[in-house]
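Summary of the model geometry
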Number of protein chains: 2
Amino acid sequence: MKHGGDVLSYADQYAGEIIDFSSNINPLGAPKALKEKLLSGFEDVLTYPDIQYRDLKKDIGEYLGCSNTEVIVGNGAVEIIDNIIKMFNRVVAAVPCFGEYLERAKINKKTLVLTNMGENFKINISSIEGVLEEGDLLILGNPNNPTGKRIQRDMLMDIYNLVLSKNAFLLLDEAFYEFSPTDYDSIELFNRKSNVCIIRAATKFFALPGIRLGYAWAEREVVKNYEALSLPWSVNCFAHMAGCLIFKDREYIEQTKKYVGEQRAYLLRNLAKISYLKVFESDANFILIKLINYNEDELFNFLVSNGILIRRAFSFEGLDYSYLRIAVKDYNSNEKLLRLLKEFEKWKQ
Amino acid sequence: MKHGGDVLSYADQYAGEIIDFSSNINPLGAPKALKEKLLSGFEDVLTYPDIQYRDLKKDIGEYLGCSNTEVIVGNGAVEIIDNIIKMFNRVVAAVPCFGEYLERAKINKKTLVLTNMGENFKINISSIEGVLEEGDLLILGNPNNPTGKRIQRDMLMDIYNLVLSKNAFLLLDEAFYEFSPTDYDSIELFNRKSNVCIIRAATKFFALPGIRLGYAWAEREVVKNYEALSLPWSVNCFAHMAGCLIFKDREYIEQTKKYVGEQRAYLLRNLAKISYLKVFESDANFILIKLINYNEDELFNFLVSNGILIRRAFSFEGLDYSYLRIAVKDYNSNEKLLRLLKEFEKWKQ
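Residues take numbers from 1 onward in each chain, read along the sequence in its written order. Lettering for chains starts from A, numbering for ligands starts from 1, and both go in the order in which the items are written. The model is predicted, so local features are restricted to residues of pLDDT at least 70 and side-chain atom pairs to those at 80 or more, both for listing and for counting; the totals for chains, interfaces and linings are taken over all residues. The side-chain figures draw on all heavy atoms in the structure; neither hydrogens nor water molecules are used.

**Section: the overall build of chain A**
A count of helical and extended segments in chain A gives 12 helices and 13 strands. For this measure, only C-alpha atoms enter the radius of gyration; the expected value for a globule follows 2.2 Å times N^0.38, where N is the number of residues. Since a compact globule built from 349 residues should have a radius of gyration of about 20 Å, the 20 Å found for chain A is in line with a globular shape. With respect to the principal axes defined by its C-alpha atoms, chain A has extents near 60 × 55 × 35 Å. Only protein chains enter the calculation, and the probe is 1.4 Å; a residue is then buried if its accessible area is under 20% of its type maximum, exposed if over 50%, and partly exposed in between. For chain A, the proportion of its 349 residues judged to be buried stands at 61%. Only DSSP runs of H or I with at least four residues qualify as helices, and only runs of E with at least two residues qualify as strands; both kinds are numbered from the N terminus onward.

**Let's talk about the sheet that holds strand β13 (residues 323–327) of chain A**
Residues and elements named next belong to chain A. Should DSSP find at least two bridges between two strands, the strands are taken to pair. Strand order in the open sheet formed by four strands is β9-β10-β13-β12, with antiparallel pairing between adjacent strands. Whereas interior strands pair on both sides, the edge strands pair on one side only; in this sheet they are β9 (277–279) and β12 (311–312). Pairing analysis gives three bridges linking β9 to strand β10 (residues 286–291), with the strands arranged antiparallel. Counterpart to K278 in the pairing with β10 is K290.

**Some points on the environment of T203(B)**
Note on placement: T203(B) falls in the loop between β7 (196–201) and β8 (214–218). As a C-alpha pair, T203(B) and S282(B) span 79 residues in sequence and 19 Å in three-dimensional space. Every residue pair with non-hydrogen atoms within 4.5 Å of one another is taken to be in contact. Ignoring sequence-local partners within four residues, the contact set of T203(B) consists of Y48(A), I25(B), L208(B), P209(B), R212(B) and L213(B).

**Quick notes on the relation of the copies chain A and chain B**
Copy one and copy two of the chain differ by a rotation about an axis and a translation along that axis. For the least-squares superposition of copies, only C-alpha atoms count, and only for residues with pLDDT at least 70 in both. Of the transformation superimposing chain A on chain B, the axial component is 0.0 Å and the angular component is 180°, with the fit at an RMSD of 0.0 Å. Seen this way, the second copy is the image of the first under a two-fold rotation axis. An overlap of 100% is found between the interface residues of chain A and their copies at the interface of chain B, pointing to a shared contact surface.

**Observations regarding helix α10 (residues 250–271) of chain B**
The terminal C-alpha atoms of α10(B) lie 31 Å apart, and with 22 residues this matches the ideal 32 Å at 1.5 Å per residue to within 8%. Those residues of α10(B) that are buried lie in contact with α2 (54–64), β9 (277–279), β10 (286–291), β13 (323–327) and α12 (331–348) of chain B. A helix's residues, less one, multiplied by 1.5 Å, set its expected span.

**Regarding the interface of chain A and chain B**
Between chain A and chain B, the residue contacts involve 48 residues of the former and 48 residues of the latter. Between chain A and chain B, the buried area comes to about 4,100 Å², and carbon and sulfur atoms account for 65% of it. One speaks of a salt bridge when a side-chain nitrogen belonging to Lys or Arg is within 4 Å of a carboxyl oxygen belonging to Asp or Glu. Viewed at the interface, chain B and chain A are joined by zero salt bridges. N or O atoms closer than or at 3.5 Å make up a polar contact, with two conditions inside protein: a donor-capable atom paired with an acceptor-capable one, and, for residues adjacent in sequence, both atoms drawn from side chains. For the interface between chain A and chain B, the tally reads 10 residue pairs in polar contact (both at pLDDT 80 or more). Going through the elements one at a time, α1 (33–40), α3 (77–86), α4 (99–107), α8 (220–229) and α9 (237–243) of chain A are the ones with two or more residues in the side of chain A that touches chain B. Amino acids are sorted into nonpolar (Ala, Val, Leu, Ile, Met, Phe, Trp, Tyr, Cys and Pro), charged (Asp, Glu, Lys and Arg) and polar (every other residue, Gly among them). For the side of chain A that touches chain B, the class distribution of residues is 25 nonpolar, 12 polar and 11 charged. Buried area: the sum, over both parts, of the accessible surface (1.4 Å probe) that disappears when the two are put together.

**Focus: the nonpolar core**
In this description, a nonpolar core means a group of buried Ala, Val, Leu, Ile, Met, Phe, Trp, Tyr and Cys residues linked to one another through side-chain atoms lying within 4.5 Å. Of all hydrophobic cores here, the largest spans 257 residues; its most connected members are L140(A), L170(A), F206(A), L271(A), L140(B), L170(B) and F206(B). Excluding residues that lie within four positions of it along the chain, L271(A) makes contacts with L277(A), V279(A), I287(A), I289(A), I326(A), L338(A) and L341(A).

**Things to note about the side chain of N108(B)**
Residues and elements named next belong to chain B. Take N108: it is sitting in the loop between α4 (99–107) and β4 (111–116). For N108, a relative accessible area of 15% puts it in the buried group. Setting aside residues no more than four positions away along its own chain, N108 makes contact with D82, I85 and K86.

**Re the pairing of strand β2 (residues 71–74) of chain B**
All names here are of chain B. Side chains of β2 alternate between two faces, with V71 and V73 and I72 and G74 buried alike. Here β2 runs beside β8; their pairing, made up of four bridges, is antiparallel. Considered in β8, the bridge of G74 is made with G214.

**Quick look at the packing of helix α3 (residues 77–86) of chain B against α4(B)**
Residue and element names in this part refer to chain B. Two numbers describe how α3 lies on α4: the axes approach to 9 Å, and their chain directions differ by 45°. When the axes of α3 and α4 are compared, the pair comes out oblique. Note that α3 runs across α4; the crossing there is right-handed. Counted together, V78, I81, D82 and I85 of α3 and E100, Y101, R104 and A105 of α4 form the full contact between these two elements. Within the contact of α3 with α4, the residues separate by chemical class into five nonpolar, no polar and three charged. Comment: axis = line fitted to C-alpha atoms, over the contacting stretch for helices; angle = value between 0 and 180 degrees taken between N-to-C directions. An angle below 35 degrees is treated as roughly parallel, one above 145 as roughly antiparallel, one from 65 to 115 as roughly perpendicular, and anything else as oblique. Here a crossing is taken to be left-handed if its near helix is turned anticlockwise relative to the far helix by less than a right angle, and right-handed if that turn runs clockwise.

**Notes on the sheet that holds strand β8 (residues 214–218) of chain A**
All names here are of chain A. Strand order in the open sheet made by the seven strands is β2-β8-β7-β6-β5-β3-β4, with mixed pairing throughout. Each of the sheet's edge strands pairs with one partner strand only, and the pair in question is β2 (71–74) and β4 (111–116). Strand-to-strand, the axes of this sheet are offset by a mean angle of 20°, without reference to chain direction. Summarising the sheet, strand β5 (residues 137–141) and strand β6 (residues 169–173) pair through five bridges and their orientation is parallel. Of the residues in β6, the one forming a bridge with L140 is L172. Running at roughly 155° to β4, α4 makes contact with β3 (90–95), β4, β5 and β6 of the sheet. Lying over the sheet, α8 contacts β2, β6 and β8, oriented at roughly 30° with respect to β2.

**Notes on the packing of helix α10 (residues 250–271) of chain A against helix α12 (residues 331–348) of chain A**
Residue and element names in this part refer to chain A. Interaxial distance between α10 and α12 falls to 11 Å at its minimum, and their mutual angle equals 10°. With respect to α12, the element α10 is oriented roughly parallel. Where α10 abuts α12, its residues Y259, Q263, Y266, L267, N270 and L271 lie against Y331, N334, E335, L338 and L341. Residues of the contact of α10 with α12, tallied by class, amount to seven nonpolar, three polar and one charged.

**Side note on the packing of aromatic side chains**
Only centres within 6.5 Å qualify two rings of Phe, Tyr or Trp (six-membered ring in Trp) as a pair; their planes then separate them into stacked at under 30 degrees, edge-to-face at over 60, and tilted for everything else. Scanning the model with the defined rule gives 43 aromatic pairs over all chains in all. Both rings, one in F88(A) and one in F169(A), keep their centres 5.2 Å apart while their planes meet at 40°; by these two values the pair is tilted. Note that F88(A) is positioned in the loop between α3 and β3 and F169(A) in strand β6, a separation of 81 residues in sequence. Residue class for F88(A) comes out buried when judged on its relative accessible area of 14%. Note on F169(A): relative accessible area 8%, which makes it buried. Between the aromatic rings of Y215(A) and F247(A), the centroid separation amounts to 5.2 Å while the plane-to-plane angle is 75°, which identifies the pairing as edge-to-face. Within this pair, whereas Y215(A) is found in strand β8, its partner F247(A) is found in the loop between α9 and α10, the two being separated by 32 residues in sequence. Like Y215(A), the residue F247(A) is buried in the burial classification. Ring-pair connections join several aromatic residues into one group, and the members of that group are Y63(A), F179(A), F205(A), F206(A), Y215(A), F247(A) and Y252(A). Counted as over-ring charges are cases with an Arg CZ or a Lys NZ within 6 Å of the ring centre that also lie within 35 degrees of the ring normal. Directly above the ring of Y184(B) sits R150(B), whose terminal nitrogen or CZ lies 3.9 Å from the centroid.

**Some thoughts on α3(A)**
The element α3(A) is extensively covered by neighbouring structure, given that 10 of its 10 residues are classed as buried. Burial in α3(A) covers these residues: A77(A), V78(A), E79(A), I80(A), I81(A), D82(A), N83(A), I84(A), I85(A) and K86(A).

Encoded structure:
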């Protein structure tokens, strides 16, 4: 399983609808106003998207608190990751991390240098320092997928200063930004700073994976270089339309932050009570767990046959078969998952 | 003007709505059934697109008359062009042609070899033969943009045999396929043949530029190699949904072919009567013209100030400022264009 969300491949193993804990999407669903807007905006399909994405960049700039000239848009965050990678010769990443950093580096024939996270998957700056060279691209998830950890502010500044001292470039993948605690805003932190780009996405927080809208902040010069190599019209008309609407829905944004925060706490508290699991603290809308005694295949299949799909995590470089990742979903789904995890233990005894 | 359709950039030069003759979209608009389907399919936005695009490939395969394992899908034809280019070291093209063949070859740091079209922009096979080497990618538009010429069947087989003899690869860009006469179907012609890929698109014929759906036919092995390097989820949920609907609408397809054929004939017949124009025959839904006496800027601005945007063609390698491209649109728009072209002549005398 290279990516979560492939529920179709398991449809024949459960009679009802499978609850998808393998991909990490806002359990409250997409903003309601979007449905109405989509219908009224049907005529926009008939014309090309504005090739310069003027309105969209303006609205994203307002949401991020930056100028529209500092905004990059793409066909999902993964297209932006791919294009940024193209601009460098070597890619440095700390595993475990989102598989596409490694995959796109390989496909673009870049030299890939991997370092390991430290204990409990904290960033290990000295191991990064040991490999980072001039002109390198360092990619870090913040919070990181699949470990769920957000980089502490001081650590982030240390990493940035290291990057600057080597004249390298830092790409922060913040696709899960809005789910995490708001002790700092990285875009504010790096305001007018060079050698850094911060990616965000509508996919996860706004529950719009199908719509394909990724965006990023970087200084103007980087945006220009990016646009010189990116494909024309890569953002579709619906993503454009949605992007001009969703960022203004403050109520939905606040409601989601509160709900996911509560459900994450509920899951973390109750997962900790299950004796055969090691649970890793998370700042995102997913939680990494490690099986202590049991066989991962057995638990995975037990859950699928009861209508729950979780994410096997062995495909993440640096993790073995004992790791699994679960999304933070709505209360009923979370409760069902916890109940089944307890049942599994009894069933095994 | 690198691409047509950028009406926004001219909005301040005309008080009303500008008629866009600069991009080549079906004048009958998108299939009606799509609007209803889009609303009912809103829930699809909440899940990831099927990462394997199973339904979509099945429906495209049925439309093209090939197996779903021979189908490539992409975020518009231009993404497919880009990914195919990545698979080769040298790109050969015959100019004038769609600018993205050249642009993407350069951006992907490929060696770009250009040959010239022959008289009246017919394909010149001997000039291609002179430069084509083993392992090269030859890209040809069929019909070609901006010249509008479809490659004759015998000529196409000669080109393919040349490609095979050199162990090169032929990429036919047939984004305007359905608009052109159906004396042969290239996918039928190349059934089970290797070293060839044929791109088509929903953009133009189905009037859905905003939705971003490109697709292509190639043998299984090529499809596999393609998918090993393409981005995940590159086709958005709306393009997926539309693709599972539009190809079955035979009535819309036949109606469009008939209407555009009639309007093209009407435009060609009447453009030929305008003494200051040289008109090139076309098999597509656009027509290349050359100004004989007048200044291109003057005509372009005269039309914009009267609410019509046409495509300046000097940005196409191999064409100078005297060339312009106009789309085949609905009768009223075409009639207005012809009227203004005649007025321009009187105004100049």
